[in-house]
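# Coordinate analysis (summary)
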Amino acid sequence: MSTVKKVLVTATNYSRLCAAAKRLLEEHGVEVIENKLGRPHTFEELKDLVTDIDGVVAGVDTWDEAVFRLAPKLKAIARFGVGIDNVDLAKAQEYGIKVSNVPGINANAVAELTVGLILSVARNIPSLHQSARRGYWDRYVGMELRGKTVGLLGFGNIARMVAKKLSGFEVRIIAYDIEPNATLAKELGVELVSSNEEVLAQSDVVSMHLPSNKLTYHMMSDEQFALMKRTAYFVNTARGALVDEAALHRALQGGVIAGAAIDVYEHEPVAADNPLFQNDNLVSTPHTAAETYETYHLVGLATAQAILDVFAGKDPENLLRV
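Keep in mind it's a predicted model, so treat the numbers as computed, not measured.

Here we take up the domain arrangement of the protein chain. Splitting the protein chain by domain gives domain 1 (5-104 + 292-312) and domain 2 (143-284). Placing a centre on the C-alpha atoms of domain 1 and another on those of domain 2 gives a separation of 30 Å. Each partner contributes to the interface: domain 1 provides five residues, whereas domain 2 provides four residues. Counting each side, the surface lost to burial between domain 1 and domain 2 is near 430 Å², with a carbon and sulfur contribution of 51%. For the domain 1 face of the interface with domain 2, the top three residues by lost area are Pro40, Asp85 and Gly104, together amounting to 65%.

Written out as structure tokens, the structure reads:
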């Protein structure tokens, strides 16, 4: 029987963007099996791949008991990112699989795209880009950020980086978090408020930075959007499950809010016929906030090392437990 460890990588563009990580695994005798689809795997695609693998560098595919039953050798899942809502931690523990993630490494990349989306939706940049390319000369009267209030739902690593980057725009920044860091808030000039509702009601831009879990599922509903100013913009680079997409669609169509910019969706890859795409006041990107050369390199190395640590009988850094 072969003693070569096999690692399936479902994150995309691994050879091109994570060459150092792939080399690290191969130098330790690991056979790397790459995602050649350019998108997340479905269960039907995974079930034929997992029967003989020892570790996974996981993208946003679903890793649950249905998959674990088919993967008797699987001992390590290193999440290529922070969010682990696509991994059933409890079942992973039952099956003896160690799960880890890489908090903080992609924070700067996500924060930069968040700021880019804020500017894009406030000034309608994507539509004006398409207009100019078609030879039209459309006008759009947008909103300046100076003097406005930006509200952060959540105040973790990414939200704090967003606050730092926005400080030069002469904005007031408010935030709500169930475990607020008052010291960092003061350093960044961020005003901590007492509730999500306060953020929604006061902000000209609301930016979502919360984890996806049972408590936050569909926290942005019709009632929550109704609390926002009709001139306000909503931005989500966190997780799609935080938002009831049907409610967001109604808010955009009905003028409840001025617009939205989102990088994440309830179901990914997002379908072309998603009703959200009927709205001209929506800016959308395909869950790409963390995708920079710098992030791929660093996350690649961190996840490869996590896999190797498990193979060596050690707990990986950022081991996750229920």
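That shown, we press on.
For the rest of this paragraph, the subject is unusual backbone geometry. The omega torsion across glutamate 268 and proline 269 is -5°, close enough to zero to call that bond cis. By secondary structure assignment, the location of proline 269 is in the loop between strand E11 (259-262) and strand E12 (282-284). Even without being a glycine, asparagine 13 presents a positive backbone phi close to 60°. In this fold, asparagine 13 is placed in the loop between strand E1 (6-9) and helix H1 (14-17). Residue asparagine 13 is classed as partly exposed on the basis of its relative accessible area of 34%. In this model, asparagine 124 sits at a positive phi of 60°, which is unusual for a non-glycine residue.

Thresholds applied
- Residues numbered from 1 in each chain as written.
- Predicted model: local features only at pLDDT ≥ 70, side-chain atom pairs only at ≥ 80, totals over all residues.
- Heavy atoms only, no water.
- Domains from an automatic or database assignment.
- Contact = heavy atoms within 4.5 Å.
- Buried area = accessible area lost by both parts, 1.4 Å probe.
- Helix = DSSP H or I, 4+ residues; strand = E, 2+ residues; numbered from the N terminus.
- Buried < 20%, exposed > 50% of the residue type's maximum accessible area, 1.4 Å probe, protein only.

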